[in-house]
Amino acid sequence: MAPTLNLINKNLYQPSLFINNEFVPASGEDFDVLDPATGETWATVASATAADAERAVDAADAAFHGTAWRQLTARERARLLLEWDRLIRANKSDLAQLLVFETGKPLREAEGEVDYALTFCWWMAGEAERQHGSIANGNGPGPAANNRFLVTKYPIGVVATLTPWNFPIALFLRKAATALAAGCTVVNKPSPETPLSANALAYLAREAGFPPGTINILPCNEANTPLIGTALCTHAKVQKVSFTGSTPVGKKLAAQCASSLKKLTLELGGNGPFIIFNDADLDHAVAQLMICKFRHAGQTCVCAQRVFVQSDIYDRVVELLTARMQAELTPGHGLDPATTLGPLTTPRSLDKAQAHVSDAVSRGATAITPVTVNSSLSPAGYFFPPTLLLNASDAMAVASEESFAPIVSLFRFDTEPEVITRANNTSMGLTSYVFTSNADRIWRVMETIETGNVGINVGLTTSAEAPFGGWHDSGYGKEAGMGYGIAEYLKVKTATWSVNWKAD
Ligand SMILES: O=CCCC(=O)O
């Protein structure tokens, strides 16, 4: 029998819109949310329309200009974030359960996502108080020497956050906690696959004491998604958009934001090279590859996509990887404690994964599946068998597009200059990984690889304390880190003051 949702705190299940601190009906039709492990409906949610987006922006704008929010000091905003953090922590098992039903990921990973998400609340509470401006002397000749420059920072205003289905809690908090720390207000549009976890967080935000209008959530179905995206990206009252998702959608949103010159942060796709040199600790490299590749069944933007292995260790890496996959991967429903690999979140991901394997095999790769998917699992679930593609080559689709699936594509290389050229032969530039014990090589690779993030002998790099963001077609702007993430939500004013030095 398919598992059913069983929350301890029933208030966390809120299948409507959240505007002005109220759960309110939507103007659009209801839509079903499916459990990716069974394909069955587990929730029905009201869909927002563009008219609802208007209401949410009005609420966020009124809150931004209203005294209840504006008169709070940075320390008071930090206290609210810490209270939100406390409540999320107290409701962690329920939130993790919602994530399992929304995304399909195993419960342990879902709990890990909530823990990861909380680091953003905590970190941004600290960041809130440390956004100081500066005072500088004029050094120029003549009157400029009399000048003093006062640089002050202000929250940018209403922020629209458009969040993806792969980490619905972590990436919502990475954006919202930062915006709120800066003093902005938020309108969030979650993905159609994952509307409930955002509403659960909004419920807890109200409990934490955030004033009405500071956080607003617009769950919506697939059909209304582009309409709401457009409504938010073209709205005169929205000052900033932060989006995590695909590069094609990111480019469309950037074009929509252009007419009103909105500030934009884009965390887009990747095509992560994962390079294993022959002097690396191979057991460690393969253990890290397992984490990097099979976290959420390969559905992360920071996933290893092209695994480059030096030719003389290729067979050994395949052997180690096969053994680990057999020992560590158990596909199943996320609520089953034995499960370590969930299904894909959407049926279209399943089609893409199959197309990638077929394309690679037709171009000479060998596909092996060391772990089979238990036939007792629901055939309607979106399970894809973890697959190794041996002898992958640069002409295959897996060399140029993210698979977003548990497919490990193993490419051979011979020399360092060759692998760097091949790793950089992509329009993407999100995250790369290098495994070697040679310190000089670490510097050379770190400085020449064209990605915004580099993992050095580690397969998981994202964290609240480090700035994260891509280069090239992987987007622009940074999230998290000291000063970097919050700067995206602040506007800077420079006052120039000419001091008259002649005393009376
Ligand atoms: O999928 C993109 C983000 C994943 C992460 O923050 O680790």
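Residues numbered from 1 in each chain as written. Predicted model: local features only at pLDDT ≥ 70, side-chain atom pairs only at ≥ 80, totals over all residues. Heavy atoms only, no water.

**A word on the overall build of the protein chain**
Moving on, step 1. Looking only at helices and strands, the protein chain features 16 helices and 22 strands.
Moving on, step 2. Dimensions of the protein chain, computed from C-alpha atoms along their principal axes, come out at roughly 85 × 60 × 40 Å.
Moving on, step 3. Working note: accessible area of the protein chain is about 19900 Å², and carbon and sulfur atoms make up 55% of it.
Moving on, step 4. Positive and negative side-chain charges in the protein chain, numbering 40 and 49 respectively, have mean positions lying 8 Å apart. (Helix = DSSP H or I, 4+ residues; strand = E, 2+ residues; numbered from the N terminus. Areas by Shrake-Rupley, 256 points an atom, 1.4 Å probe, with all protein chains shown as cover. Lys, Arg positive; Asp, Glu negative; His and termini not counted. Charge placed at Lys NZ, Arg CZ, Asp CG, Glu CD.)

**Quick word on the site of the ligand**
Moving on, step 1. For the ligand, the full set of nearby residues is Tyr116, Asn166, Phe167, Arg174, Arg295, Thr300, Cys301 and Thr462.
Moving on, step 2. Backbone polar atom of cysteine 301 to an oxygen atom of the ligand: 3.0 Å apart, as the coordinates give it.
Moving on, step 3. In this structure, an oxygen atom belonging to the ligand sits 2.6 Å away from a side-chain N or O atom of threonine 462.
Moving on, step 4. Summarising the interface, the protein chains cover 100% of the accessible area of the ligand, which totals 250 Å² for the free molecule.
Moving on, step 5. Put simply, the ligand lies in the largest cavity.
Moving on, step 6. A per-class count over the shell around the ligand returns three nonpolar, three polar and two charged. (Near = heavy atom within 4 Å. Polar contact = N/O pair within 3.5 Å; in protein donor to acceptor, adjacent residues only side chain to side chain. 1 Å grid on protein atoms, 1.4 Å probe; cavity = no way out; pocket = protein on both sides within 12 Å on 5 of 7 lines; lining within 4 Å. Sits in = over half its atoms within 2 Å of the grid points. Nonpolar A, V, L, I, M, F, W, Y, C, P; charged D, E, K, R; others polar.)

**Quick look at the layout of surface pockets**
Moving on, step 1. One number sums up the size of the largest pocket: a volume of about 1100 Å³.
Moving on, step 2. Lining the largest pocket are 38 residues, and of these Trp165, Phe243, Gly245, Ser246 and Val249 sit closest to its centre.
Moving on, step 3. Listed by contribution, the elements that provide at least two residues to the lining of the largest pocket are α8 (225–234), β10 (238–244), α9 (247–258) and α12 (347–362).
Moving on, step 4. The dominant element in the lining of the largest pocket, judged by the number of residues it contributes, is α9, at six residues. (Points joined across faces, edges and corners; volume = space filled by probe spheres on them.)

**Looking at unusual backbone geometry**
Moving on, step 1. In this model, asparagine 21 sits at a positive phi of 70 degrees, which is unusual for a non-glycine residue.
Moving on, step 2. Among the structural elements, asparagine 21 can be located in the loop between β1 (17–19) and β2 (22–24).
Moving on, step 3. If you check the backbone angles, asparagine 391 has positive phi at about 60 degrees while not being a glycine.
Moving on, step 4. For asparagine 391, the location among the structural elements is in strand β15 (residues 387–392).

**Focus: the confidence of the model for the protein chain**
Moving on, step 1. The pLDDT averaged across the protein chain works out to 97; a share of 100% of its residues lies at or above 70.
Moving on, step 2. Scored by ipTM, the complex comes to 0.97, with pTM at 0.97. (pLDDT = per-residue confidence, 0-100.)

**Section: the pairing of strand β4 (residues 41–46)**
Moving on, step 1. Pairing of strand β3 (residues 30–34) with β4, which is carried by five bridges, proceeds in the antiparallel orientation. Bridged to aspartate 32 within β4 is threonine 44.
Moving on, step 2. From the end of β3 to the start of β4, which pair antiparallel, there are six residues, and glycine 39 there has a positive phi angle of about 75 degrees. (Pairing = 2+ DSSP bridges.)

**Section: empty space enclosed by the protein**
Moving on, step 1. Tallied over the full model, the rule gives two cavities of 30 Å³ or more.
Moving on, step 2. Forming the boundary of the largest cavity are Tyr116, Asn166, Phe167, Leu171, Arg174, Arg295, Thr300, Cys301, Val302, Thr462 and Phe468.
Moving on, step 3. Tallied by class, the residues present in the lining of the largest cavity amount to six nonpolar, three polar and two charged.
Moving on, step 4. The wall of the second largest cavity is formed by Gly270, Gly272, Thr300, Cys301, Cys303, Gln305, Glu402, Ser403 and Phe404.

**A look at the pattern of salt bridges**
Moving on, step 1. Taken as a whole and assessed by the stated rule, the structure comprises 20 salt bridges.
Moving on, step 2. One salt bridge connects glutamate 113 with lysine 105, and the closest N-O pair in it is separated by 2.5 Å. Grouping residues by exposure puts glutamate 113 and lysine 105 together as buried.
Moving on, step 3. Members of the salt-bridge network, linked through shared partners, are Asp279, Glu416, Arg441 and Arg444. (Salt bridge = Lys/Arg side-chain N within 4 Å of Asp/Glu carboxyl O. Buried < 20%, exposed > 50% of the residue type's maximum accessible area, 1.4 Å probe, protein only.)

**Description of the packing of helix α3 (residues 74–90) against helix α5 (residues 107–128)**
Moving on, step 1. Remark: α3 packs on α5, axes separated minimally by 8 Å, with the N-to-C direction vectors making an angle of 165 degrees. Between α3 and α5, the angle falls in the class roughly antiparallel. Here α3 and α5 pass one another in a crossing that is left-handed. Residues Ala74, Ala78, Leu81, Leu82, Trp84, Asp85, Ile88 and Arg89 of α3 touch α5, and the partners they reach there are Val114, Leu118, Cys121, Trp122, Met124, Ala125 and Ala128. (Axes fitted to C-alpha atoms, helices over the stretch in contact; angles between N-to-C directions. Parallel < 35°, antiparallel > 145°, perpendicular 65-115°, else oblique. Left-handed = near helix turned anticlockwise from the far one by under 90°. Contact = heavy atoms within 4.5 Å.)

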